[in-house]
Amino acid sequence: MIRNLQRTTLRDQCLNALRSAITSGQLPTGHHLVETELAEAFGVSRGTLREAMRRLEQEGLLVAGSRGQLSVRHIEESEIHDIYRVRAALEALAARTLCEQPDRDERIATLASHVRRMHEVQEDLIEQIETDLNFHRALCELSGNQALLTTWLTLEGPIRISIMHAGLEHALHNMAADRHDLIVNTLAQGDATRIEQVLMEHMEEAARRLMTALEQRAEG
C-alpha cells in the first residue's frame, strides 16, 4: 500500500516503496507515473521522487516514452523466456562454483538462513518477493564470481517485473520456500553436477509456469 513516508532517508524510502509497488504489481506494467500524485502519496518533494524514478529507470523497471514520461516497463513473453534462460545459466554456474569452494559449508549456512526467512514471511507478499530475490542474489554473491554477480544484477529489474506478470498464484508457487530448500540441501551434498541440474530445473519450471499462464491469458 502506498502511504506517507517517514522523514528519515526519504530518497531511499521512496526508491524502495516504488520498487516494491512495481514488483508486487500495485503499479502494473505500462502504468504511467504521475509525479504530482506519487509525490503527494509518499509525502516527498518532486525532486526526491525524480531521483528515485531515475534510479529505477537505470534498473530497468521504468522506461521513458516519446515525450519523456516514465512508465512501468512492459516485458514481452519472448523476453521473459530469454531472461530465464540466461538466469538459469548464471545461477547454475554460481551453484557449481559455490559447491567447489573450500569454505562451502559456511556459504551454504548463509543461504540456509535466507531460506529460513522465506519460511517466516509466507503471509506477506512483499516480503516473499524480497526474500526470494535476496536468496538468488546471495547465491550469486557467495559464488565469489564478481562478473557473474554483476551480470545477474543487470537482470534484476526485468526479473522483478516478470515475477507477478502471470498472476499471484504462479508467483507464489515459484517463490515457495520448499523449492529453495531443495537447492540448499543439494548444495550440502557437494555434488556440483547435480546442483547445476537442480538449478536449471528450478528456473525451467518457473519460466514454464509463467509462459503457460501468459498463453492461457491470451487465449481467454
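Quick notes on the rules
- Residues numbered from 1 in each chain as written.
- Predicted model: local features only at pLDDT ≥ 70, side-chain atom pairs only at ≥ 80, totals over all residues.
- Heavy atoms only, no water.
- Patch = residues over 30% accessible without salt bridge, like charges linked within 9 Å, V, L, I, M, F, W, Y side chains within 5 Å.
- Areas by Shrake-Rupley, 256 points an atom, 1.4 Å probe, with all protein chains shown as cover.
- Salt bridge = Lys/Arg side-chain N within 4 Å of Asp/Glu carboxyl O.
- Lys, Arg positive; Asp, Glu negative; His and termini not counted.
- Charge placed at Lys NZ, Arg CZ, Asp CG, Glu CD.
- Helix = DSSP H or I, 4+ residues; strand = E, 2+ residues; numbered from the N terminus.
- Buried < 20%, exposed > 50% of the residue type's maximum accessible area, 1.4 Å probe, protein only.
- 1 Å grid on protein atoms, 1.4 Å probe; cavity = no way out; pocket = protein on both sides within 12 Å on 5 of 7 lines; lining within 4 Å.
- Points joined across faces, edges and corners; volume = space filled by probe spheres on them.
- Nonpolar A, V, L, I, M, F, W, Y, C, P; charged D, E, K, R; others polar.
- Axes fitted to C-alpha atoms, helices over the stretch in contact; angles between N-to-C directions.
- Parallel < 35°, antiparallel > 145°, perpendicular 65-115°, else oblique.
- Left-handed = near helix turned anticlockwise from the far one by under 90°.
- Contact = heavy atoms within 4.5 Å.
- Domains from an automatic or database assignment.
- Polar contact = N/O pair within 3.5 Å; in protein donor to acceptor, adjacent residues only side chain to side chain.

As recorded in an unreviewed UniProt entry, the protein chain goes by the name DNA-binding GntR family transcriptional regulator, listed as coming from Kushneria sinocarnis.

A. Spatial organisation of a negative patch on the surface. Taken together, Glu76, Glu77, Glu215 and Glu219 make up a surface patch of like negative charges. The residue glutamate 219 is located in helix α10 (residues 192-219) in this model. We classify glutamate 219 as exposed; its relative accessible area is 69%.

B. Geometry of empty space enclosed by the protein. As enumerated under the stated definition, the model contains two cavities of 30 Å³ or more in all. Empty space within the largest cavity amounts to approximately 120 Å³. If you go around the largest cavity, you meet 14 residues; those closest to its centre are Tyr84, Arg87, Asp132, Asn174 and Met175. Tallied by class, the residues present in the lining of the largest cavity amount to seven nonpolar, four polar and three charged. Here the second largest cavity defines a volume of roughly 40 Å³. Every residue lining the second largest cavity is listed: Met118, Val121, Gln122, Gln128, Thr131, Met175, Ala176 and Ala177.

C. Region of the structure containing the packing of helix α9 (residues 177-189) against α10. Look at α9 against α10: their axes get within 9 Å of each other, and the N-to-C directions meet at 165 degrees. It follows that α9 is roughly antiparallel to α10 by the angle criterion. Considering how the two elements wind past one another, α9 and α10 form a crossing that is left-handed. Every residue of α10 that contacts α9 at Arg179, His180, Leu182, Ile183, Thr186 and Leu187 is listed here: Arg194, Ile195, Val198, Leu199, His202, Glu205 and Ala206.

D. Expanded view of the domain arrangement of the protein chain. Here the protein chain is described as being made up of domain 1 (10-72) and domain 2 (77-219). Of note, the centres of domain 1 and domain 2, computed from C-alpha atoms alone, are 26 Å apart. In this assembly, 10 residues from domain 1 lie in contact with 10 residues from domain 2. Linking domain 1 with domain 2 are zero salt bridges. Along the contact surface separating domain 1 from domain 2 lie one residue pair in polar contact (both at pLDDT 80 or more). With four residues, helix α1 (residues 10-23) is the largest single contributor of residues to the side of domain 1 that touches domain 2.

E. Structural context of the pattern of salt bridges. Throughout the structure, instances matching the rule amount to 17 salt bridges. Here aspartate 105 and arginine 104 are joined by a salt bridge, their closest N and O atoms 4.0 Å apart. With a shortest N-O distance of 3.4 Å, glutamate 127 and arginine 117 are connected by a salt bridge. Of this pair, glutamate 127 sits in helix α6 (residues 125-142) while arginine 117 is found in helix α5 (residues 104-120), placing the two residues 10 residues apart along the sequence. Given the relative accessible area of 29%, glutamate 127 is considered partly exposed. Through salt bridges that share partners, Glu130, Arg137, Glu156 and Arg160 make up one connected network.

F. Highlighting the layout of surface pockets. One number sums up the size of the second largest pocket: a volume of about 160 Å³. What lines the second largest pocket is Ile22, Thr23, Gly25, Leu27, Pro28, Thr29, Val72, His74, Ile161, Met164, His165 and Arg217. Counting contributing residues per domain, the lining of the second largest pocket is built from domain 1 (10-72) and domain 2 (77-219), each supplying no fewer than three.

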